[in-house]
Amino acid sequence: MQTLVIGGGIQGLAAACALARDGHLVQVVERERPGSRASWVAAGLLTPSSPWKYPPGLIGLCHASEAMYADWVAELVEHTGIDPQHENLGMLYPEGVGFSTEQVAEHTRRRNELAFAVERLDRATLDALQPGLGEEVVGAAWQPHSARVRSPRMCAAVLRRAKQLGVDVISEVAVDALVGRGGRVTGARLETGQVLDAEVVVLAAGSWSGGLARSLGVEIDVRPVRGQILLLQGPPGLLGPTLNDGDCYLVPRRDGRILVGSTMEDAGFDAITTREALDRLRVLAARLLPATRDMEVETDWAGLRPGTPDRLPYIGAVPEVEGLALATGHFRNGILLAPITAALVSDLVAGRPPRLDISAYAPRPVDPERALLTG
Ligand SMILES: Cc1cc2nc3c(=O)[nH]c(=O)nc-3n(C[C@H](O)[C@H](O)[C@H](O)COP(=O)(O)OP(=O)(O)OC[C@H]3O[C@@H](n4cnc5c(N)ncnc54)[C@H](O)[C@@H]3O)c2cc1C
């Protein structure tokens, strides 16, 4: 089948690989460089930050995708030679800076209820696991099974794999509108005026998906949530697990760099960094890990998470438009949720029953008055 994927972020590229593996002819159209927007910016954590805030439908999706990750990455490394550095080095949730001991106790209980196994550590045990934490830190919750990847490498690997699988990736051309007739999508019109025909169109345009869906009369509520990050140059080995303090996380890389993120801002489509936010992150990072105070800032960046007011993504068919599939609105978890979303989209296009219940991710009534939850 001729399929057209709109958007070359992690979602579009992962879906394209899965569709090509099923034998479809696949084109991806990307307005900029593939994998250069939210998917490049992401911290690459494969554990949801505050899962108790999620609707139940999302927890199962996160677990299912996480379970696919190691095999997915192994396949990418084998075929592309690009290593996204998938590492399972755990996550620490410190007590005493952003969260009180009582809050960490409550979060621990809730995480365990949702099958994200976490245990409490006192300061002495914590010091043995991760030396050098700030003096305000009195203990932590420890999630030993918590993995991460380097998102830019993930994007590069999935892009290369897509091309190997025969996907035609068209870059630096925007789709202006979806086109269709008689209740079905028939392709997309590019900004150049050219129309690309397709039997199936997968809309995976991240924060920009809403406007494209509307061009065919479909209402979905995807809105940008800005996140800012800064990158510090540290010595290798200083930090092992990820530190996650709610408002601030520190994600170490093998080469010693430490990524400090991130903000959650309802700031429209303006993907810029601000001095105030970066200074705040820097201060929080130093309270958690004082050695960061003397580290050079290598760079900083911002990206737009495709948020939805109910925190649920849009995955699957659009009942009123035959041939249109959605893979968008993954908010804070788009890197984590890429393998399961791609599998579900390919199930749909192939006519296979979905491997899990996706009814919660179908288009639902849009309420423009409903606030976007940025927490
Ligand atoms: C600061 C920050 C930290 C994050 N950390 C994590 C994390 O640790 N773990 C995690 O799982 N997720 C994380 N995320 C979320 C994750 O980045 C997103 O959920 C994910 O990248 C969404 O992927 P996407 O492909 O839908 O969107 P994008 O990567 O934004 O891709 C959409 C693509 O569509 C293209 N496009 C848009 N309009 C058009 C058009 N008209 N024509 C053609 N192309 C178009 C865009 O150029 C873009 O490349 C983070 C996000 C941010 C901002």
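A. Structural view of the packing of helix α1 (residues 10–21) against helix α9 (residues 338–350). Two numbers describe how α1 lies on α9: the axes approach to 8 Å, and their chain directions differ by 45 degrees. Overall, the two elements α1 and α9 adopt an arrangement that is oblique. As for the relative orientation of α1 and α9, their crossing is right-handed in sense. Residues Ile10, Gln11, Ala14, Ala15, Cys17, Ala18 and Leu19 of α1 form the contact with α9, whose participating residues are Ala338, Pro339, Thr341, Ala342, Ala343, Val345, Ser346 and Val349. The residue inventory of the contact of α1 with α9, partitioned by class, reads 12 nonpolar, three polar and no charged.

B. Representation of the domain arrangement of the protein in the model. Domains assigned within the protein are domain 1 (2–81 + 151–221 + 309–361) and domain 2 (91–145 + 224–307). Between the C-alpha centres of domain 1 and domain 2 the distance comes to 28 Å. Across the boundary between the two partners, domain 1 contributes 20 residues, which contact 26 residues of domain 2. Broken down by secondary-structure element, the contributors of at least two residues to the side of domain 1 that touches domain 2 are α2 (38–41) and α3 (56–80). Its residues assigned to classes, the side of domain 1 that touches domain 2 comprises eight nonpolar, 10 polar and two charged.

C. Local environment of the sheet that holds strand β3 (residues 91–95). Read from one edge to the other, the open sheet built from eight strands follows the order β4-β5-β3-β12-β13-β14-β11-β15, with strand pairing classed as mixed. Of all the strands in the sheet, just β4 (119–122) and β15 (296–307) have a single pairing partner and so form its edges. Pairs of neighbouring strands in the sheet enclose a mean axial angle of 25 degrees, with direction left out of account. Where helix α8 (residues 275–288) meets the sheet, it contacts β3, β11 (223–233), β12 (242–244), β13 (249–252), β14 (258–261) and β15, and its direction lies at approximately 55 degrees from that of β11.

D. Inspection of the site of the ligand at higher detail. If you check the shell around the ligand, you find 43 residues, and the closest are Gly7, Gly9, Gly206, Gly227 and Gly334. In terms of residue class, the shell around the ligand is built from 19 nonpolar, 18 polar and six charged. Looking at which domains feed residues into the shell around the ligand, each of domain 1 (2–81 + 151–221 + 309–361) and domain 2 (91–145 + 224–307) gives three or more.

E. A look at the nonpolar core. Core analysis: the largest hydrophobic core is formed by 114 residues, its most contacted members being Ile6, Ala15, Ala16, Val158, Val201, Val202 and Val345. In terms of residues, this core owes the most to one element, α1, which gives nine residues. Residue contributions to this core reach at least three from each of two domains, namely domain 1 (2–81 + 151–221 + 309–361) and domain 2 (91–145 + 224–307). Apart from the residues lying within four places of it in its own chain, the contact partners of Val202 are Thr3, Val5, Ile6, Ala15, Ala325, Ala327 and Val345.

F. Region of interest: the packing of α1 against helix α6 (residues 151–164). Relative orientation of the contacting elements α1 and α6 amounts to 30 degrees, with a least axis distance of 9 Å. The orientation of α1 with respect to α6, classified from their angle, is roughly parallel. The two elements α1 and α6 cross, and the hand of that crossing is left-handed. Across the interface between the two elements, Ile10, Leu13, Ala14, Ala16, Cys17 and Ala20 from α1 touch Met154, Cys155, Val158, Leu159, Arg161 and Ala162 from α6.

Conventions and cut-offs
- Residues numbered from 1 in each chain as written.
- Predicted model: local features only at pLDDT ≥ 70, side-chain atom pairs only at ≥ 80, totals over all residues.
- Axes fitted to C-alpha atoms, helices over the stretch in contact; angles between N-to-C directions.
- Helix = DSSP H or I, 4+ residues; strand = E, 2+ residues; numbered from the N terminus.
- Parallel < 35°, antiparallel > 145°, perpendicular 65-115°, else oblique.
- Left-handed = near helix turned anticlockwise from the far one by under 90°.
- Contact = placed C-beta atoms within 7 Å.
- Nonpolar A, V, L, I, M, F, W, Y, C, P; charged D, E, K, R; others polar.
- Domains from an automatic or database assignment.
- Pairing = 2+ DSSP bridges.
- Near = placed C-beta within 6 Å.
- Core = buried A, V, L, I, M, F, W, Y, C linked by C-beta atoms within 7 Å.
- Buried ≥ 20, exposed ≤ 12 C-beta atoms within 10 Å, placed from the backbone.

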